[in-house]
Amino acid sequence: MAIAETKVDMEALNKAIDEVFYGQLDSTMLYYFQSCVNCKACEAACPFTPTSLHYSPVNKAEVSRELYRYRFSVWGKTIGRFIGGSKKYLSLEEAETMVDYVWHCTNCGACMFVCPMAIDSGAMIDLLKQVAFKAGMVPKIYRDIADLEISGKYWEIDFFKNSWNSLISKIKDAIGKEVPLDKKGSEVLFYTSIYEALAYPDVLVKVAKILDMLNKDWTFMSKPLGIRPPIGLVIGDKEGAAEVMQRVYSYFTDISPKYVMLTAGGFEYPSLRYTMHETFKVKPKYEVVHVTELLAKWYENKEFEIEPLDETITWHDPCQLGRRGGVFEAPRVLMKALSKKFKELPSHGVNSFCCSRGGGGCGVPSMVENMAKTLGIPVSDDDKKFLDSTLEPLIKAGKIKVNEINKIKAKEVLTGCPVCIESIGFSIDYYHASSKVNHIVDILADRIKVNKK
Amino acid sequence: MQLPFGDYLVGNSLYPLALDLFIPTIVFFFFGASYRVFRYFAVYKKPFIPYATSVMRETSSTEKVKKLVDTFANSSKVGMKRKPVTTAAGLLMHLSLIVIIFLLAQHMVFWAYYIPPYKILFPFAIPESSADGALAFTLATSPYTSTSYPFVHDIWGPLTIILNGQYITYILMILLGIYLGHKFHALAEGLTLRSGDWWFFLLLYIDIILGFLATSHIPNSVVYYDDLLGAHIIVAEVLIATLPFTRGFHMFEFYLGKVREWYFMTYRRGEK
Ligand code: SF4
Ligand code: SF4
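Note that the structure is a prediction, hence the values are computed from the model and not measured.

Rules of the game
Residues numbered from 1 in each chain as written. Chains lettered and ligands numbered in written order. Predicted model: local features only at pLDDT ≥ 70, side-chain atom pairs only at ≥ 80, totals over all residues. Heavy atoms only, no water. Helix = DSSP H or I, 4+ residues; strand = E, 2+ residues; numbered from the N terminus. Buried < 20%, exposed > 50% of the residue type's maximum accessible area, 1.4 Å probe, protein only. Areas by Shrake-Rupley, 256 points an atom, 1.4 Å probe, with all protein chains shown as cover. UniProt positions renumbered as here; feature names shortened; annotations may be inferred. Pairing = 2+ DSSP bridges. Contact = heavy atoms within 4.5 Å. Axes fitted to C-alpha atoms, helices over the stretch in contact; angles between N-to-C directions. Near = heavy atom within 4 Å. Nonpolar A, V, L, I, M, F, W, Y, C, P; charged D, E, K, R; others polar. Disulfide = S-S within 2.5 Å. Salt bridge = Lys/Arg side-chain N within 4 Å of Asp/Glu carboxyl O. Buried area = accessible area lost by both parts, 1.4 Å probe. Domains from an automatic or database assignment. Polar contact = N/O pair within 3.5 Å; in protein donor to acceptor, adjacent residues only side chain to side chain. Left-handed = near helix turned anticlockwise from the far one by under 90°. Phe/Tyr/Trp six-rings, centres within 6.5 Å; stacked < 30°, edge-to-face > 60°. Lys NZ or Arg CZ within 6 Å of the ring centre and 35° of its normal. Expected span 1.5 Å × (residues − 1). Right-handed = clockwise from strand over helix to strand, strands pointing away.

### Structural notes on the overall build of chain A
Then step 1. A tally of helices and strands in chain A yields 22 helices and nine strands.
Then step 2. Considering only C-alpha atoms, chain A reaches an extent of 75 × 45 × 40 Å along its principal axes.
Then step 3. Looking at the 453 residues of chain A, the share that counts as buried comes to 64%.
Then step 4. Roughly 16,300 Å² of accessible area belongs to chain A as shown, and the carbon and sulfur atoms make up 52% of that amount.

Structure follows, in structure tokens:
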């Protein structure tokens, strides 16, 4: 484990445990903590169980439960301590296990739907992630990237600036006119992050083209609001994430569109749609939606038609967009219009099998490493070891995903999250499958026929 | 000592003690359950809802009800696909337990004594053993002692030859044995196990064995019978009294968790 060699500040760790566990108890968490029957049904859903049973949701979340029991249950405070049922703090070894566990969970939420008691182990593991962050036990490479986002200094990096500006000029070329930038009161604010600008600039250009074709009143951002805001949430940095969300919220409010439209259906979707407003306790005037939601709405309003493909296609439900965000129906409206041979993956909807998000990391390891190098962030041996350790789950979970794709003989796997595309793409290559994985807009954009009013 | 049930003298056995302890058990249970429920209220925070959506989320009422059923069924559906053996064992174990606890004729008399309206369910009573079931069906005998509820006239007919306490108990003992194996496997793998799980599980297993021995008259003597039956009830009482502090409480919370999941994932997500 990457942190094994680093010095752990035990005092900071204990303080972090107290802060997180005393600070975040509510009735939902209490239910998750005390109502598990240890039936292990959740094993079936977790993308990390094929790597080891130690990574089964209940086993990972048990660390949280032990810390909870000491603080919140009579049993835990008394005999629980003597029979190993509860812990006040963690030993160094236990802390290392905890860090290993948190990077073997994508907070995908699949365990909750399969658990007969509807327990969200991901939520309990997330508490451990916050502890690890506060105790300085987050892989440095992620921390450096997140810090760059929080400080706002990402915009001083030429690589990012150039990529963003080149995206704007590509959009300009594609629509044949100036790109509307930061225009207040537009119907649609086309929101995207630097990460997406790097991962799939062509998809973003196509989205702009669709908006232009449909004659929508839209606007784009002259500057990105972060690398992939709020990246802090993924590494357990709630406070850092709140700072970034404040920036995002101010911008959204300033532009005040009807819809803030995201092309990414990863963690940014539930974060910007729900968490941001829940954190600040604000009821915005705009609505945060995924591009598929707006397109499905416009399609159903007959603003355009879709020329269908003649091949078997399938939709991979990104965990955060679907399970955490609640968007299942809209992509299916579009998928069914895109091909009569649309087939569901054996695991879909609330049971969609997580791509394992680059092995529990924030992306496929090689991509994270390359990004760090480009940004001038040094990649230490520990970082390297950590990134390598995320590869095994990616390969194991990828096998299940690829088998499912092969089973329905899908030619194209379409989805709506950059990391799903990357992870599934990795697995398809690794297992030499013949399918392709794309953002839905990638295929859709070329098949839209606008209905003239 | 005289028992509340008729003139049957039981002497100095565990049986009267067990009966005397039933009401205190229930009081203890309610105390524990209230504590557990109170804690939820004590830490309750009203969820903040930023906004309802206007885009593509309308769910019809029929769809909402369908999703409620799906919410409850999903665990078994996925389990049957990915972990068929343990899921099937789990389902069958729960089903057998429910049947035994609530429909075994002897248990029904017990429940009806404390909760009289329970009598409505008497026609569903299942007999103690396969032989009883066969006799009731082939000879259609009436009980020798006068009773206003002739259990032999149940609605199961020939099914009672397999649907009876004896066979279901065999199944239960095997299934709980599999569970025990599951636990030892977890222990060997170094996975976490909790004492609360063991406590509930072992009490349940012991209780089933005691009940089985008592009804089968092993060993065959009235004194032993009374002691075994008494022990069976006492173990059940310990189990009930400690229920709010063990995994056993899932028999109540199961509904809470699933309805909550449905409410947040389907009902509220679908609101406009
Ligand atoms: S499925 Fe739910 S109840 Fe069963 S072990 Fe997992 S978290 Fe616990
Ligand atoms: S949230 Fe997902 S990755 Fe995390 S434990 Fe649950 S199923 Fe596994």
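### Some remarks on the UniProt feature "transmembrane region" (unreviewed entry) in chain B
Then step 1. When the UniProt feature table is mapped to this numbering, "transmembrane region" (unreviewed entry) covers residues 14-38, 91-114, 155-178, 198-216 and 228-246 of chain B.
Then step 2. The span residues 198-216 of chain B is 95% helix and 0% strand, and its two end C-alpha atoms sit 27 Å from each other.

### Side note on the sheet that holds strand E1 (residues 188-191) of chain A
All names here are of chain A.
Then step 1. Read across the open sheet, the four strands follow the order E2-E1-E3-E4; overall the sheet is parallel. If you trace the sheet from one side to the other, it starts and ends with strand E2 (218-219) and strand E4 (287-290), each paired once.
Then step 2. Both E1 and E2 contribute to a ladder of two bridges, which runs parallel. Note that in E2 the partner of Val188 across the bridge is Trp218.
Then step 3. The sheet strands contacting helix H13 (residues 238-255) are E1, E2, strand E3 (259-262) and E4, and the helix crosses E1 at an angle near 150 degrees.
Then step 4. Where helix H14 (residues 268-280) meets the sheet, its contacts fall on E1, E3 and E4, and the angle it forms with E4 comes to roughly 165 degrees.

### Remarks on the site of ligand 1
Then step 1. Surveying the vicinity of ligand 1 reveals the residues Cys36, Val37, Asn38, Cys39, Lys40, Ala41, Cys42, Val58, Cys115, Pro116, Met117 and Ser121 of chain A.
Then step 2. For the shell around ligand 1, the per-class residue count stands at nine nonpolar, two polar and one charged.

### With respect to the state of the cysteines
Then step 1. For the structure on display, the rule yields zero disulfides over all chains.
Then step 2. Cys417 of chain A forms no disulfide, and the closest cysteine sulfur to it belongs to Cys420 of chain A, at a distance of 3.6 Å.

### Description of the pattern of salt bridges
Residues and elements named next belong to chain A.
Then step 1. What the rule picks out here adds up to 32 salt bridges over all chains.
Then step 2. A salt bridge links Lys87 to Glu94; the shortest N-O distance between them is 3.5 Å.
Then step 3. Take Glu94: its relative accessible area is 29%, and that puts it in the partly exposed class.
Then step 4. Through salt bridges with shared partners, a single ionic network connects Lys15, Glu19, Lys134 and Glu239.

### Some words on the interface of chain A and chain B
Then step 1. Contacts between the two partners involve 73 residues from chain A, matched on the other side by 46 residues from chain B.
Then step 2. Here chain A meets chain B over a buried area of about 5,000 Å², counting both sides, of which 51% is carbon and sulfur.
Then step 3. Ionic pairing is found between Arg194 of chain B and Glu62 of chain A, a salt bridge with its closest N-O pair at 2.8 Å.
Then step 4. Sorting elements by how many residues they give to the side of chain A that touches chain B places helix H3 (residues 57-72) of chain A first, with eight residues.

### Some words on the pairing of E1 of chain A
All names here are of chain A.
Then step 1. Covered by surrounding structure in E1 are Val188 and Phe190 together with Leu189 and Tyr191, the residues of both alternating faces.
Then step 2. In terms of strand pairing, E1 meets E3 through four bridges, oriented parallel. Residue pairing across strands places Leu189 opposite Val260, the latter belonging to E3.

### Re the domain arrangement of chain A
All names here are of chain A.
Then step 1. Under the domain assignment used here, chain A contains domain 1 (10-137), domain 2 (144-302) and domain 3 (337-445).
Then step 2. Look at where the C-alpha atoms of domain 1 and domain 3 centre, and you get two points 27 Å apart.
Then step 3. Each partner contributes to the interface: domain 1 provides 15 residues, whereas domain 3 provides 18 residues.
Then step 4. When domain 1 packs against domain 3, close to 1,200 Å² is buried across both sides, 69% of that on carbon and sulfur atoms.
Then step 5. At the junction of domain 1 and domain 3, the tally comes to zero salt bridges.
Then step 6. Across the domain 1-domain 3 interface, the total number found is one residue pair in polar contact (both at pLDDT 80 or more).
Then step 7. Ranked by residues supplied to the side of domain 1 that touches domain 3, first place goes to helix H6 (residues 110-114) with three residues.

### Some remarks on the site of ligand 2
Then step 1. Near ligand 2 you find 13 residues, and of these Cys46, Cys105, Cys108, Gly109 and Cys111 of chain A are the closest.
Then step 2. Grouping the constituent residues of the shell around ligand 2 by class yields eight nonpolar, four polar and one charged.

### Considerations on the packing of helix H1 (residues 10-23) of chain A against helix H7 (residues 121-134) of chain A
All names here are of chain A.
Then step 1. Put simply, H1 and H7 touch, their axes get as near as 8 Å, and they point 145 degrees apart. H1 and H7 meet at a crossing whose hand is right-handed. Contact residues: Leu13, Ala16, Ile17, Glu19, Val20 and Phe21 in H1; Leu127, Leu128, Gln130, Val131 and Lys134 in H7.
Then step 2. Residue composition of the contact of H1 with H7, by class: eight nonpolar, one polar and two charged.

### Some words on the side chain of Glu66 of chain A
Then step 1. With respect to the helices and strands, Glu66 of chain A occurs in helix H3.
Then step 2. Glu66 of chain A has contacts with Gly84, Gly85, Ser86 and Lys87 of chain A together with Thr192 of chain B, leaving out every residue within four places of it along the chain.

### What about the packing of aromatic side chains?
Then step 1. One pass over the structure, following the stated rule, counts 43 aromatic pairs over all chains.
Then step 2. The interplanar angle of 80 degrees and the centroid separation of 5.6 Å between the aromatic rings of Trp103 of chain A and Phe386 of chain A together place this pair among those described as edge-to-face. In this pair, Trp103 of chain A sits in the loop between helix H5 (92-102) and H6 while Phe386 of chain A sits in helix H19 (residues 381-389), placing the two residues 283 residues apart along the sequence.
Then step 3. On the accessibility criterion, Trp103 of chain A (2% relative accessible area) is buried.
Then step 4. On the accessibility criterion, Phe386 of chain A (1% relative accessible area) is buried.
Then step 5. Among the aromatic side chains, those forming a connected cluster through ring pairs are Phe22, Phe102, Phe110, Trp111, Tyr113 and Tyr114 of chain B.
Then step 6. Sitting above the plane of the Phe48 of chain B ring, Lys283 of chain A keeps its charged end 5.1 Å from the centroid.

### A look at H7 of chain A
All names here are of chain A.
Then step 1. Under the 1.5 Å per step criterion, the end-to-end length of H7 is 20 Å for 14 residues, consistent within 8% with the ideal 20 Å.
Then step 2. Burial analysis of H7 places 12 of its 14 residues in the buried class, the great majority of the element.
Then step 3. When we look at burial in H7, the residues that qualify are Ser121, Gly122, Ala123, Met124, Ile125, Leu127, Leu128, Lys129, Gln130, Val131, Ala132 and Phe133.
Then step 4. Gly136 lies just past H7 and shows a positive phi near 70 degrees.

### Description of the pairing of strand E8 (residues 436-439) of chain A
A regular strand carries its side chains on alternate faces of the sheet.
Residue and element names in this part refer to chain A.
Then step 1. Alignment of strand E7 (residues 412-415) against E8, held across four bridges, turns out to be parallel. Its bridge partner lying in E8, Glu412 is registered against Lys436.
Then step 2. As a crossover connection, the stretch from E7 through helix H21 (residues 418-430) into E8 is right-handed.

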